[in-house]
Amino acid sequence: MSIVINLIFVAYGLYTINHRECMFKFMLFHFVLRMINHTFPVYSLEIVTLAGVSIYINDFYLLILLALIILQNGFGKIIINRGEGLFYAFVLVALFSIVFGVLQYGLISDWFNETRKFLHLILPIIYYASSPVELNNENKRILQLLMRSILAYCIVCWISALIFGVYLTSNGTLRCLGSDYAFFVSVYTIYLVYNDLVISENKKISFETVLFILAIILLQHNTVYASIGASIAVILLFKFGNVFLEKPRWIVQLIAICVILVVFLNTSIGSRILTPILSTFDKFNELSESMSGEETGTIGTRITLWQSLIATLSSPLEWLFGKNIGTGYHVTWRGNEWTASAHSGYIETLMRTGLVGCICLIGSIIRNVVQHIRERDVLVASILVSVLVYWYSYSYTSEIGFLIGMSFAILNGYVWSEEPGLINNAEHGSQFNER
């Protein structure tokens, strides 16, 4: 079954090369296959093995993106639009790290894995930043169907665990989605909140939005909690100001939701939900303890790991430009050698591109946040803020590359929306018909 699905993925990718309007669907296809593999590891992402080297759907996705970039811009040419200079400075540092890494270490697994991760951020940004994109109703319906299907799957898992005591996932918890996939669902939830409070005429939270918010809570990823909280705070702060004080309907809704939750959480099933959620929130207490030198819990151990990794930067050159890609994250930690990823987008950027690359990448995103707030595209700004928060404990994904690339594209006029109020079409969309 894996082979058949992967071949369909390859065929659709090749079709996408001549039909760029299908790229959004292809990205979602890639997202779904990765999510299935993470949730049910029996599904294989391998397409083929050539000369002992395995080619995965992640690699094929990158090849399709690269082909589209070349066809769009011409071989060896990249269109650098207004405001993208900092990002491309980061790209230049990362490419030097990749090239010097393969010269230093050869084609080892660490080099392949780290190169893949960086390219899954860089290539989607480059492609989407200069690609005409229409946010039409068809793509919206497909995304809506996917998100609702994921929500239905989560509800089935939770009912099975809470009522029948049968956990459908291997981890034996209510976390039926990995953090990267929960984060993407949280971005859709941010859109729903914005749609309800800003675009919709009713100006009230819908039942579907409440379900997605509850789903994010039940998935128990504390970094996702923080990212969606920061995003919603940006929407409330910059989009409304004192409007809510004049129309307090949302306050009544909030009180009603809180009362219902309190009643439910005092039932037997509710208590079984509340306990793991509270243990997840305990990680925020661990953060403050870690800052004071105590190594406790997941966050505390990660901070200790990050300190050990940063300590390996042993020269001014490494602090400026990082260690070459392929070095790996090998440090002695608790008496053992750590070989996994750094578990932080900021630390990985610092370790592989140094302060120069880190400042350029984060600076380009912060610049986008400021520009979108000025252009009254608060939804885009809030999503970018959620990315910055999420990178505290997790790293690059191709979906995050898509989100950042779209933020550039909107600023540079390559995006047009059929949905009034989603983005500021009066200011944007000027380049939509130019390419």
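Rules used throughout
Residues numbered from 1 in each chain as written. Predicted model: local features only at pLDDT ≥ 70, side-chain atom pairs only at ≥ 80, totals over all residues. Heavy atoms only, no water. Helix = DSSP H or I, 4+ residues; strand = E, 2+ residues; numbered from the N terminus. Areas by Shrake-Rupley, 256 points an atom, 1.4 Å probe, with all protein chains shown as cover. pLDDT = per-residue confidence, 0-100. Phe/Tyr/Trp six-rings, centres within 6.5 Å; stacked < 30°, edge-to-face > 60°. Buried < 20%, exposed > 50% of the residue type's maximum accessible area, 1.4 Å probe, protein only. Polar contact = N/O pair within 3.5 Å; in protein donor to acceptor, adjacent residues only side chain to side chain. Contact = heavy atoms within 4.5 Å. Salt bridge = Lys/Arg side-chain N within 4 Å of Asp/Glu carboxyl O. Core = buried A, V, L, I, M, F, W, Y, C linked by side-chain atoms within 4.5 Å. Axes fitted to C-alpha atoms, helices over the stretch in contact; angles between N-to-C directions. Parallel < 35°, antiparallel > 145°, perpendicular 65-115°, else oblique. Left-handed = near helix turned anticlockwise from the far one by under 90°. Nonpolar A, V, L, I, M, F, W, Y, C, P; charged D, E, K, R; others polar. Expected span 1.5 Å × (residues − 1). Disulfide = S-S within 2.5 Å.

A.B. asks: In this structure, what is going on with the overall build of the chain? I would like to understand it.
C.D. replies: When its secondary structure is counted, the chain shows 17 helices and 6 strands. Carbon and sulfur atoms make up 66% of the accessible area of the chain, which amounts to about 20200 Å² in all.

A.B. asks: Would you explain the confidence of the model for the chain in this entry?
C.D. replies: A low pLDDT score tells you not to read the predicted coordinates there in detail. Scored by pLDDT, the chain comes out at a mean of 82, with 77% of its residues at no less than 70. When pLDDT is averaged over each element of the chain, helix α4 (residues 85–105) comes out on top at 95 and helix α10 (residues 243–246) at the bottom at 48.

A.B. asks: Could you clarify how one ought to interpret the packing of aromatic side chains in this entry?
C.D. replies: The description of an aromatic ring pair rests on the distance of the ring centres and on the angle between the ring planes. Counting across every chain of the model gives 26 aromatic pairs. With a centroid separation of 5.1 Å and 15 degrees between ring planes, the pair formed by Tyr390 and Tyr394 is classed as stacked. There is no split in this pair, since Tyr390 and Tyr394 are both buried. Taken together through their ring pairs, the aromatic side chains of Phe87, Tyr88, Phe90, Phe118, Tyr346, Trp391, Tyr396 and Phe408 make up a single cluster.

A.B. asks: Is there a simple way to think about the side chain of His120 in this case?
C.D. replies: Mapping His120 onto the fold places it in helix α5 (residues 109–129). Engagement of the side chain of His120 in a polar contact is seen with the backbone oxygen of Asn58, the distance being 3.4 Å. Residues within four places of His120 in sequence aside, it is in contact with His30, Asn58, Tyr61, Leu62, Thr397, Ser398 and Gly401.

A.B. asks: Could you clarify how one ought to interpret the pattern of salt bridges in this entry?
C.D. replies: One side chain can pair with another of opposite charge once the charged atoms of both are near each other. Taken as a whole and judged by the stated rule, the model has 7 salt bridges. In this structure, Glu348 and Lys117 form a salt bridge, with 3.3 Å as the shortest nitrogen-oxygen distance. With Glu348 in helix α15 (residues 345–374) and Lys117 in helix α5, the pair connects residues that are 231 residues apart, well separated along the chain. Given the relative accessible area of 24%, Lys117 is considered partly exposed. Of the charged contacts, one joins Lys323 and Glu318 as a salt bridge, the two residues approaching to 3.3 Å between their closest N and O atoms. With respect to burial, Lys323 and Glu318 carry one shared label: buried.

A.B. asks: Whenever I open this one, the environment of Leu86 confuses me. Can you help?
C.D. replies: As for its placement among the helices and strands, Leu86 is situated in helix α4. Considering only alpha carbons, one finds Leu86 and Val356, 270 residues apart in sequence, at a separation of 10.0 Å. Leave out the neighbours within four places in its chain, and Leu86 touches Cys360, Gly363 and Ser364.

A.B. asks: Which parts of the structure should I look at to understand the nonpolar core?
C.D. replies: The nonpolar side chains of soluble globular proteins are, as a tendency, buried together. Within the largest apolar cluster, 105 residues are counted, with the highest numbers of intra-cluster contacts made by Phe87, Phe90, Trp391 and Ile404. Top element by residues in this core is helix α7 (residues 179–199). It accounts for 14 residues. Among all residues touching Phe90, those that are not within four sequence positions of it are Phe118, Leu121, Ile122, Thr349, Thr353, Gly357, Cys360, Leu361 and Tyr396. Core analysis: the second largest hydrophobic core is formed by 11 residues, Leu309, Leu313, Tyr329 and Val331 among them.

A.B. asks: Quick question: what am I supposed to make of the packing of α4 against α5 here?
C.D. replies: Geometry of a packed helix pair, given as the angle between the helix axes and the separation of the axes. The contact between α4 and α5 brings their axes to 11 Å, and the two run at 155 degrees. Relative to α5, α4 is oriented roughly antiparallel. Relative to α5, α4 is oriented so that their crossing is left-handed. Note on element contacts: α5 touches α4 through Trp111, Thr115, Phe118, Leu119, Leu121, Ile122, Ile125 and Ile126, opposite Phe87, Tyr88, Phe90, Val91, Ala94, Ile98, Gly101 and Val102. Of the residues belonging to the contact of α4 with α5, the class tally is 14 nonpolar, 2 polar and no charged.

A.B. asks: Which parts of the structure should I look at to understand unusual backbone geometry?
C.D. replies: Backbone geometry follows two general trends: most residues other than glycine have a negative phi, and most peptide bonds adopt the trans configuration. Even without glycine at this site, Gln220 takes up a positive phi of about 60 degrees. By secondary structure assignment, the location of Gln220 is in the loop between α8 (207–219) and α9 (222–240). Under the relative-accessibility criterion, Gln220 is labelled buried at 5%. Positive phi outside glycine occurs at Arg376, with the angle close to 70 degrees. Within the secondary structure, Arg376 is located in the loop between α15 and α16 (378–390). Overall, Arg376 belongs to the partly exposed group, its relative accessible area being 48%.

A.B. asks: I tried to follow α7 on my own but got confused; where do I start?
C.D. replies: In an α-helix, one full turn covers 3.6 residues, which means residues spaced three or four apart are oriented alike. Over its 21 residues, α7 extends 29 Å from the first C-alpha to the last, a length consistent with the 30 Å expected when each residue adds 1.5 Å. Burial analysis of α7 places 19 of its 21 residues in the buried class, which makes it a mostly covered element.

A.B. asks: What is the right way to look at the state of the cysteines in this model?
C.D. replies: Disulfides are covalent bonds that connect the sulfur atoms of two cysteines. For the coordinates displayed, the defined rule picks out 0 disulfides. Free cysteine: Cys157, not disulfide-bonded; nearest cysteine sulfur from Cys176 at 4.5 Å. Exposure remark for Cys157: the relative accessible area of 5% places this residue in the buried category. Cysteine Cys176 is unpaired, with the sulfur of Cys154 as its nearest cysteine sulfur at 3.6 Å.

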